[in-house]
Amino acid sequence: MMWGGGMYDGGWGMGWGMMGMLHGLLWLVLIVLGIFVLARWLRSDSASPGGGSESALDILKKRYARGEIGKEEYEEKKRDLSA
């Protein structure tokens, strides 16, 4: 019985050689890329549904328009944000 009789006959030789190493590297890159895409997708789902981030002044204006705060509080907070 001959141990490792040849490179490509299922012995202890290198087998696929560089092709095997490139195949493994390709799978590693695909897995890392998949994790990256999944993380970005999950992060974008948790973002605001409006698409963009609103400034503090925009939020203040909306609260005033909905009647959540009065004119005095609006003016005071607007001055604070402008400073």
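Quick summary incoming for the structure in this document. (Residues numbered from 1 in each chain as written. Predicted model: local features only at pLDDT ≥ 70, side-chain atom pairs only at ≥ 80, totals over all residues. Heavy atoms only, no water.)

## As for the pattern of salt bridges
The full count for this structure, using the stated rule, is 4 salt bridges. Between R63 and E68 there is a salt bridge whose closest N-O contact spans 3.1 Å. Judged by its relative accessible area of 45%, E68 is partly exposed. When the shortest N-O distance is used, the salt bridge between K77 and E73 registers 3.7 Å. You can see K77 and its partner E73 sitting in helix α3 (residues 71–82), 4 residues apart, about one turn around the helix. Among the charged side chains, a network of salt bridges with common partners joins R63, R66 and E68. (Salt bridge = Lys/Arg side-chain N within 4 Å of Asp/Glu carboxyl O. Buried < 20%, exposed > 50% of the residue type's maximum accessible area, 1.4 Å probe, protein only. Helix = DSSP H or I, 4+ residues; strand = E, 2+ residues; numbered from the N terminus.)

## A few points about a nonpolar patch on the surface
The grouping of L26, W27, L30, I31, L33, I35, F36 and V37 at the surface amounts to a nonpolar patch, some 820 Å² of accessible area in total. When you line up the elements, V37 lands in helix α1 (residues 18–45). (Patch = residues over 30% accessible without salt bridge, like charges linked within 9 Å, V, L, I, M, F, W, Y side chains within 5 Å. Areas by Shrake-Rupley, 256 points an atom, 1.4 Å probe, with all protein chains shown as cover.)

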